[in-house]
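# Descriptive structure summary
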Amino acid sequence: MTKNKIMRYFKKAVASTLAIATSFGGVVSANMVTTFAADAKLDNDVKITAKKLKYDDTESYVSKNINKKMTSIKSSKSVANIKNDLEQTGYTIRLKQLLAEESKIPSNCTIDELWTKHSDAFLSQYTSIIPVYQANDNADYYVVNLAASKINHTGKLYDAAFVKGTDNANPDVIKDIKFDKTTGLAYIPKSYFEKDKNVLITGQVMSAGSIKDQTMSIDTIVDNGGNITKQAVEANTYDVTVKIPITTSKRVADKLKLSDFEVYLNGSEDAMDLTKDTAVFDKTTGVLEIAASPASLTSVKVKIKKIGTLKSVARLLTNDVNASISGASKLKFVTDKKTGDPIVFDRIDTSKLQDGQYFEYKTAIRYFSDIKDTQVNYNAKACAESIKHSIKYLYVPSEDNDAWSQLYNNSSIKDPQAKKNLENVTFGMTLPNYNDYKYQVTAKNGNKAKLNFHQKGSFVTTYTNDDSNEKKGSTYSSRHMYAGECAHISNPMGEFHDKEDGKVRLRILHVDTSAGYVVFGLNSQKINTQSGFGIYKVAIQSKGSLKLKKISANTTMTNGNSCYSLANAEYGVYKEKACTNKVATLKTDANGNSKVVEVDAGTYYVKGARRFLINERS
């Protein structure tokens, strides 16, 4: 019997025995007989804000809002025909999306005025890569969609500015790019790209919303081999990941893996690379979580790849959990360099954390013109290695660790200097240190709480000098250096000199005590021509209290009997069932009550060290 015949017989046998329909769009069909356990419906915490999308994609928004005169489109041309002719050029621009507190700025505020007059209104900044569209061959302008904050309800558009090239000291400001703040569309002269296909254009768009209103909406499309689900999902503006419901079938979720998905952001034709650092599929909820800042998104499209019958059967008979989880996701949490466990603010009073709080303090700030060139001295090398560890958690395009840099790498821009300007994170900032602050600083606003930012876990790097030009045997180590990107903004906190301690502003952007994390931004003083800014997600440890009461199992024997006492009975408190790692001791008084001890929230086990004690007087 030939191999082909064997395969045909096997397929028929599988189909008749298991009654499995061929998989559609990569998801194994739910039409299965009772050979397998009955399916179960999965629950998730993703809120659906709309079942119908206002704009199916970026092209739909651009087509409906495009300025026909700027793009030489006939006034009678329909939106449908405009969309049909709209095409991506292969060019991209870099966008820095600046977000401010609307209640603290005037209605006509500009980017320059924000920093010179209303600096306290600055909240955060997000970087993304935006595709450039052509609407008409005969037009003098290309068009780009910079309306993310308008579409996803992050905030109102205020102002925009554009520069060309990578010279931060003397930026080449572009005056002839036309920005329509009503629609968020910008029109770029084609001549910039015709003269230099590798030109790097950076735009900074200012929007304003409210730190108190953190709810936004992102349009999502899940394409399951032609079976398309369109819905808008709720997200938090200041978070660093987005969750997309894929399926409510447990059977389907159990057999899906990360490589089955393709994800496209904001209408891009280039899919992001899904790895354990950029995405995770939770089999217990059927939800795909991706590392992309909600504030920078207008739409997310997920395609589920088609897999054949034989692969479908194989997945029913195996448990492939590659790049998937069953439990709480730790995507984009800053982690310990050695263990991989999340860094934790283990002494912070979570009840006093507030969205929008900001703190100012002086600390070590380091600046590198090229983060990859660390051979200055061992101290600089230690700092740079610490910064390199935090880069993959920094929410801007850096190296190859996030979706936006992948879009950048897939674009037509190949200029090495432009790539260096995008990739090389140059700032390193620390949190309040022990020597100066004992890790504690007081909020400048809100409840003005004094909070402890001690970190459990480390990404400190240590070097011992073996260079004859320096003192041999000297040890150099960095503190927790959080990376920062050049922000292309002026800075309200002034300027400092490299290798000195400078001022840093720490802004609490989002607190989620139930999920156990906080998202914060770090903004440094200006050094050379730039200030640094970065956004991070760190675990927080809620505190709980524990006490014990000991009672007699035989009061008839013990009550009034001076030979027995409830006092001084000791019990160890342990984190694990084996009771080997003691975290506290409970000791009873004469009434059998122990004192209250504070512990981290969680499950604990109590083991008696000493039981009923014979009264020492007997």
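Residues numbered from 1 in each chain as written. Predicted model: local features only at pLDDT ≥ 70, side-chain atom pairs only at ≥ 80, totals over all residues. Heavy atoms only, no water.

## Focus on the overall build of the chain
The helix and strand inventory of the chain stands at 13 helices and 36 strands. In the chain, the share of contacts with a sequence separation of at least 24, taken over all contacts with a separation of at least 6, comes to 73%. Entry remark: accessible area of the chain is about 28900 Å², with carbon and sulfur atoms responsible for 46%. (Helix = DSSP H or I, 4+ residues; strand = E, 2+ residues; numbered from the N terminus. Contact = heavy atoms within 4.5 Å. Areas by Shrake-Rupley, 256 points an atom, 1.4 Å probe, with all protein chains shown as cover.)

## Side note on the pairing of strand β19 (residues 358–367)
Most of β19 is tucked away, with 7 of its 10 residues classed as buried. Looking at chain direction, β19 and strand β27 (residues 501–512) are connected through 7 bridges and run antiparallel. Its bridge partner lying in β27, Y361 is registered against V504. (Buried < 20%, exposed > 50% of the residue type's maximum accessible area, 1.4 Å probe, protein only. Pairing = 2+ DSSP bridges.)

## Thoughts on the sheet that holds strand β10 (residues 215–224)
Strand order in the open sheet made by the 5 strands is β1-β11-β10-β16-β13, with mixed pairing throughout. A single partner strand is all that each edge strand has here, and the edge strands are β1 (48–50) and β13 (261–265). Along the sheet, successive strands turn relative to each other by an average axial angle of 35°, direction set aside. Here 2 bridges tie β1 to strand β11 (residues 227–236), and the two strands are oriented antiparallel to one another. Following the sheet pairing, I48 is matched in β11 by V233. (Axes fitted to C-alpha atoms, helices over the stretch in contact; angles between N-to-C directions.)

## Thoughts on the packing of aromatic side chains
Within this structure, the stated rule accounts for 16 aromatic pairs. Ring centres of Y482 and F520 lie 5.9 Å apart, and the angle between their planes is 75°; on these two criteria the pair is classed as edge-to-face. Residue Y482 is found in strand β26 (residues 482–486), and its partner F520 is found in strand β28 (residues 517–524); the two are separated by 38 residues along the sequence. Of the two residues, Y482 and F520, neither departs from the other in class, the shared state being buried. Site record: aromatic cluster; members linked through ring pairs are F345, F359, F453, F459, Y482, F520 and Y536. Its end group placed over the ring of F333, K330 keeps NZ or CZ at 4.8 Å from the ring centre. When the ring centre of Y358 is taken as origin, the NZ or CZ atom of R505, which lies over that ring, is 4.7 Å away. (Phe/Tyr/Trp six-rings, centres within 6.5 Å; stacked < 30°, edge-to-face > 60°. Lys NZ or Arg CZ within 6 Å of the ring centre and 35° of its normal.)

## Considerations on the pairing of strand β32 (residues 570–574)
For β32, the buried fraction is high: 4 of the 5 residues fall into the buried class. Note: β32 against strand β33 (residues 582–587), 5 bridges, orientation antiparallel. Looking across to β33, one finds that Y571 is bridged to L586.

## So, the side chain of T237
Secondary-structure assignment places T237 in the loop between β11 and β12 (242–245). Residue T237 is classed as buried on the basis of its relative accessible area, which comes to 3%.

## Describing the nonpolar core
By size, the foremost hydrophobic cluster in this structure holds 42 residues, and its most contacted members are F345, F453, Y482, L506, I508, F520 and L522. Listed by contribution, the elements that provide at least two residues to this core are β19, α9 (378–391), β20 (427–429), β26, β27, β28 and β29 (532–540). The greatest single-element share of this core, amounting to 5 residues, is contributed by α9. Residues within four places of L506 in sequence aside, it is in contact with Q357, Y358, F359, Y361, L431, F453, F520, G521 and L522. Of all hydrophobic cores here, the second largest spans 29 residues; its members include V222, F261, V263 and I290. (Core = buried A, V, L, I, M, F, W, Y, C linked by side-chain atoms within 4.5 Å.)

## Regarding the pattern of salt bridges
This model, assessed by the stated rule, comprises 11 salt bridges. Notably, a salt bridge pairs K83 with D57, separated by 3.4 Å at the nearest N-O pair. Linking K83 in helix α3 (residues 79–85) with D57 in the loop between β1 and α2 (58–65), this pair joins segments that are 26 residues apart in sequence. A salt bridge links K96 to E485; the shortest N-O distance between them is 2.9 Å. Note that K96 is positioned in strand β2 (residues 87–101) and E485 in strand β26, a separation of 389 residues in sequence. (Salt bridge = Lys/Arg side-chain N within 4 Å of Asp/Glu carboxyl O.)

## Looking at unusual backbone geometry
Even without being a glycine, Y439 presents a positive backbone phi close to 70°. Mapped onto the elements, Y439 comes out in the loop between α12 (434–437) and β21 (440–442). The phi torsion at N568 lies on the positive side, around 65°, for a residue other than glycine. Along the chain, N568 falls in the loop between β31 (564–565) and β32.

## Concerning α2
A large share of α2 lies buried, amounting to 6 of its 8 residues. Looking only at α2, the buried set comprises T58, E59, S60, Y61, V62 and S63.

## Let's talk about the environment of G165
By the element assignment, G165 lies in the loop between β5 (156–164) and β6 (172–173). Given the relative accessible area of 28%, G165 is considered partly exposed. Along the backbone, G165 and T202 are 37 residues apart, and their C-alpha atoms lie at a distance of 8.0 Å.

## Brief notes about the side chain of Q455
Mapped onto the elements, Q455 comes out in strand β23 (residues 455–456). Take Q455: its relative accessible area is 13%, and that puts it in the buried class. Of the polar contacts made by the side chain of Q455, one reaches the side chain of Y482; its length is 2.6 Å. Non-local contacts of Q455, meaning those with residues more than four positions away in its chain, are made with I343, V344, F345, D346, L431, H480 and Y482. (Polar contact = N/O pair within 3.5 Å; in protein donor to acceptor, adjacent residues only side chain to side chain.)

## Digging into the confidence of the model for the chain
For residues with low pLDDT, the predicted coordinates do not support detailed interpretation. Across the chain, the average pLDDT comes to 79, with 75% of residues at 70 or higher. Low pLDDT, under 50, characterises residues 308–327; the predicted model gives this stretch 43 contacts beyond four residues in sequence or across chains. (pLDDT = per-residue confidence, 0-100.)

## Digging into the environment of D85
For D85, the position within the fold is in helix α3. Given a relative accessible area of 37%, D85 falls into the partly exposed group. D85 sits 52 residues away from D137 along the chain, and the two C-alpha atoms are 9.7 Å apart. Apart from residues no more than four positions distant in its own chain, D85 is found in contact with K77, Q134 and A135.

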